[in-house]
Amino acid sequence: MALNKGITRILEEAGGIARFTGRFFREWFRPRYEFSEFLRQCYLIGYTSLPLVGITAFIMGLVLTIQSRPTLAEFGAESWLPAMVGVSIVREIGPVITALICAGKIGSSIGAELGSMKVTEQIDAMEVSGTNPFKYLAVTRILATTLMVPLLVVLADAIAFYGSYLGVNIKGVTSMHLFYNQVFVKLTYSDVIPSISKSFFFGFAIGVIGCYKGFYTSKGTEGVGVSANSAVVVSSLLIFIIDLLAVQITDLLGLT
Amino acid sequence: MITSQGSSLLNTVTSSGKDVVIEIAHLKKAFGSNRVLNDFSATLHAGENLVVLGKSGSGKSVLIKCIIGLLKPDAGVLRVFGENVPDLSSEELDQMRVKVGFLFQSNALYDSMSVRQNLEFPLRRHGKSKSKEEVNHIVMEALNNVGLPETVDMMPEELSGGMRKRVGLARTLILNPEIILYDEPTTGLDPATAREIDHLIRDVQEKYNTSSVIISHDMNCVKLTSNRVVVLVDGICYAEGTYAELSKSEDRNIRQFFE
């Protein structure tokens, strides 16, 4: 019985998210276009997330390099370190870790902000002011996350490379030119394109889930916390599901 | 004169010399098995303050959210300026909402915007192309009308409950609405501030010649602001009359509000 209820709740939630996504695509093209709010959200979502994403990416590149070195050294393949770390960062670690950080920072912030607006009737106030709150609040945020997360992924990759370069130089001497040469020689379009493509989907999922949870907040201030929390949980889960699908599709297309 | 639900809408309309601006007939709204509005009928005449009196949870807020189009009734007629609200498209609803202001119980000021931005928001949304000076003049005039010009660059979090209510009213007035819907305007305020808001509601009625629906269970507010009162009990318009008429009623359901 409890299992049935749980399954029903999950299906209802999935249906709600699907309807919300459908509404996004319907509203996206219709005027009025909230361009200034979209730009403001790009700034808030992209620019203000950069320090956290940058620090995490730097540490990620450094740690991955330090931890990979002993294994590669065992096989006498230390010279492969920049290439191996580069491909790992671009294909998987950069997009997924950046998306998870964004799910935590941006997803929770959108869920809490819209949830708080919902319970204090600010969304209703917007509607009676003749503004479509879905377009003004949800469409702008979803578009901003969809565009900003891939940009953050590219920047995170670049910063992680620098962290890796420093990691390589802890127990050896490699010039920056040689390091980057070794990284980019091994990187191909089939590494970069699927990685950037899935980042758009990660960003879209973070935006949709954050806005959906915020818009359907209930039970007052307690509900705001629940919305923020479940925005992070559901979008993190979706990131892994999208990643799994992306790997399968890449494999089917022979891009591995 | 105290009338009950049985009096027909047409009789109410013809018995008044003023234009009817809101017409509600046989309105029904339920949430699951909970019937909140059950065949509710009432009218609002031009220039009148109509107070809807009822206990907490009796459906008063649901009623005005149906009037403004935030909730869709299950059945019945709900005409604002002659147009049936449930039948309006979203564009037509937006047009109607220019003429109908709404003061929320929680004030619903946008937290992330200053008082000035809160007041400018409805002006910008309705595409009225005005210069910066004109917009500033309108904003300052609206704040002067509620006695708070000094708050223009403050954030909502810096305002007291009474100030927030006044700023909310200034935002409601900024598009010069013909009808104002007040959702429990004095709830959560101390008695002195609540009386100030009551007087402000009367001042707004006189200065802007607005018609208002005021949701309340604060009897001082009802006494000070109402021209006419309808009592909402069990989802129906149980009784209707002036404050003085209702206060003399012997009916237990009406007396409970006056004791």
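Residues numbered from 1 in each chain as written. Chains lettered and ligands numbered in written order. Predicted model: local features only at pLDDT ≥ 70, side-chain atom pairs only at ≥ 80, totals over all residues.

Caption draft 1: Looking closely at the overall build of chain B. Summing up its helical and strand segments, chain B has 10 helices and 10 strands in all. Its C-alpha radius of gyration of 18 Å places chain B within 12% of the 18 Å reference for a compact globule of 259 residues. Dimensions of chain B, computed from C-alpha atoms along their principal axes, come out at roughly 55 × 40 × 40 Å. The buried share of chain B, reckoned over its 259 residues, is 43%. Residue pairs in contact within chain B that sit at least 24 positions apart in sequence constitute 66% of those at least 6 positions apart. (Helix = DSSP H or I, 4+ residues; strand = E, 2+ residues; numbered from the N terminus. Rg over C-alpha atoms; globule rule 2.2 N^0.38 Å. Buried ≥ 20, exposed ≤ 12 C-beta atoms within 10 Å, placed from the backbone. Contact = placed C-beta atoms within 7 Å.)

Caption draft 2: Geometry of the overall build of chain A. Regarding its fold elements, chain A presents nine helices and zero strands. Reading chain A from its N terminus to its C terminus gives the helix and strand order α-α-α-α-α-α-α-α-α. When the backbone C-alpha atoms are referred to their principal axes, chain A occupies close to 65 × 50 × 35 Å. Evaluated residue by residue, chain A yields a buried proportion of 43% over its 256 residues.

Caption draft 3: Region of the structure containing the interface of chain B and chain A. Each partner contributes to the interface: chain B provides 14 residues, whereas chain A provides 10 residues. Contributions of two or more residues to the side of chain B that touches chain A are made by α3 (90-99) and α4 (115-125) of chain B. Of the residues assigned to the side of chain B that touches chain A, the class counts are nine nonpolar, two polar and three charged. (Nonpolar A, V, L, I, M, F, W, Y, C, P; charged D, E, K, R; others polar.)

Caption draft 4: Structural view of the packing of helix α4 (residues 81-119) of chain A against helix α8 (residues 189-215) of chain A. Residues and elements named next belong to chain A. It is the contact of α4 with α8, at a shortest axis distance of 8 Å, that shows an interaxial angle of 15°. The orientation of α4 relative to α8 falls into the category roughly parallel. Where α4 crosses over α8, the two elements pack in a sense that is right-handed. Taken together, the residues of the contact of α4 with α8 sort by class into 15 nonpolar, seven polar and six charged. (Axes fitted to C-alpha atoms, helices over the stretch in contact; angles between N-to-C directions. Parallel < 35°, antiparallel > 145°, perpendicular 65-115°, else oblique. Left-handed = near helix turned anticlockwise from the far one by under 90°.)

Caption draft 5: View of unusual backbone geometry. Residues and elements named next belong to chain B. Positive phi, normally seen in glycine, also occurs at Asp39, with a value near 70°. Following the sequence through the fold, Asp39 ends up in strand β2 (residues 34-45). Taking the number of C-beta atoms within 10 Å as the measure of exposure, Asp39 has 16 and is therefore partly exposed. Positive phi is not limited to glycine here, since Asp234 has a value of about 50°. Following the sequence through the fold, Asp234 ends up in the loop between β9 (228-233) and β10 (236-241).

Caption draft 6: Spatial organisation of the pairing of β10(B). All names here are of chain B. Here β10 lies mainly inside the structure; five of its six residues are buried. Where β9 lies against β10, five bridges are found, and the strand directions are antiparallel. Paired with Val231 across the bridge in β10 is Ala239. Following β9, the chain reverses through two residues before pairing antiparallel with β10; Asp234 in that reversal takes a positive phi of roughly 50°. (Pairing = 2+ DSSP bridges.)

Caption draft 7: Local environment of the nonpolar core. Counting 131 residues, the largest nonpolar core has A:Ala205, B:Val52, B:Ile67, B:Ala170, B:Leu181, B:Val213 and B:Val231 as the members making the most contacts within it. In terms of residue count, the dominant contributor to this core is helix α6 (residues 133-168) of chain A (18 residues). If we skip the residues at most four places from it in the chain, B:Ala170 touches B:Leu119, B:Ala142, B:Leu143, B:Asn145 and B:Val146. (Core = buried A, V, L, I, M, F, W, Y, C linked by C-beta atoms within 7 Å.)

Caption draft 8: Layout of the environment of A:Ala158. You can see A:Ala158 is positioned in helix α6. Taking the C-alpha atoms as reference points, A:Ala158 and A:Phe75, separated by 83 residues in sequence, lie 28 Å from one another.

Caption draft 9: Local environment of the sheet that holds β9(B). Residue and element names in this part refer to chain B. Overall, mixed pairing links the six strands, which are arranged β6-β7-β8-β3-β9-β10 in an open sheet. Whereas interior strands pair on both sides, the edge strands pair on one side only; in this sheet they are β6 (100-103) and β10. Strand-to-strand twist of the sheet, defined as the mean angle between neighbouring strand axes without regard to direction, takes the value 20°. Alignment of β6 against strand β7 (residues 179-183), held across four bridges, turns out to be parallel. By the bridge assignment, Gly101 is partnered in β7 with Ile180. Against the sheet, helix α7 (residues 191-208) makes contact with β3 (49-53), β7 and β8 (211-216), and its axis sits at roughly 165° relative to β8, the strand it touches most.

Caption draft 10: Representation of the confidence of the model for chain B. Put simply, chain B has an average pLDDT of 86, and 92% of its residues get 70 or more. Across the predicted assembly, pTM comes out at 0.85 and ipTM at 0.83. (pLDDT = per-residue confidence, 0-100.)

Caption draft 11: Up close: the pairing of β9(B). Across four bridges, the pairing between β3(B) and β9(B) is parallel. Within the sheet, the bridge partner assigned to B:Leu50 lies in β9(B) and is B:Arg228.

Caption draft 12: Main features of α8(A). If you check α8(A), its first and last C-alpha atoms are 39 Å apart, about what 27 residues at 1.5 Å a residue would give, namely 39 Å. With respect to burial, α8(A) is a largely interior element, 19 of its 27 residues being buried. (Expected span 1.5 Å × (residues − 1).)

Caption draft 13: Geometry of the sheet that holds strand β1 (residues 20-31) of chain B. Pairing is antiparallel in the open sheet, where four strands are placed in the order β2-β1-β4-β5 (chain B). Only two strands of the sheet have a single partner each, and these edge strands are β2 and β5 (83-84) of chain B.

Caption draft 14: Here's a closer look at helix α2 (residues 60-67) of chain B. The element α2(B) is extensively covered by neighbouring structure, given that eight of its eight residues are classed as buried. By the burial criterion, the buried members of α2(B) are B:Lys60, B:Ser61, B:Val62, B:Leu63, B:Ile64, B:Lys65, B:Cys66 and B:Ile67.

Caption draft 15: Looking closely at the environment of A:Glu78. Residues and elements named next belong to chain A. Following the sequence through the fold, Glu78 ends up in the loop between α3 (50-74) and α4. Classification of Glu78 by C-beta neighbours within 10 Å gives partly exposed; the count is 18. Distance from Glu78 to Ser68, taken between C-alpha atoms, is 9.0 Å for residues 10 residues apart in sequence. Those residues within four positions of Glu78 in sequence are excluded, and the remaining contacts are Arg69, Leu72 and Ala73.

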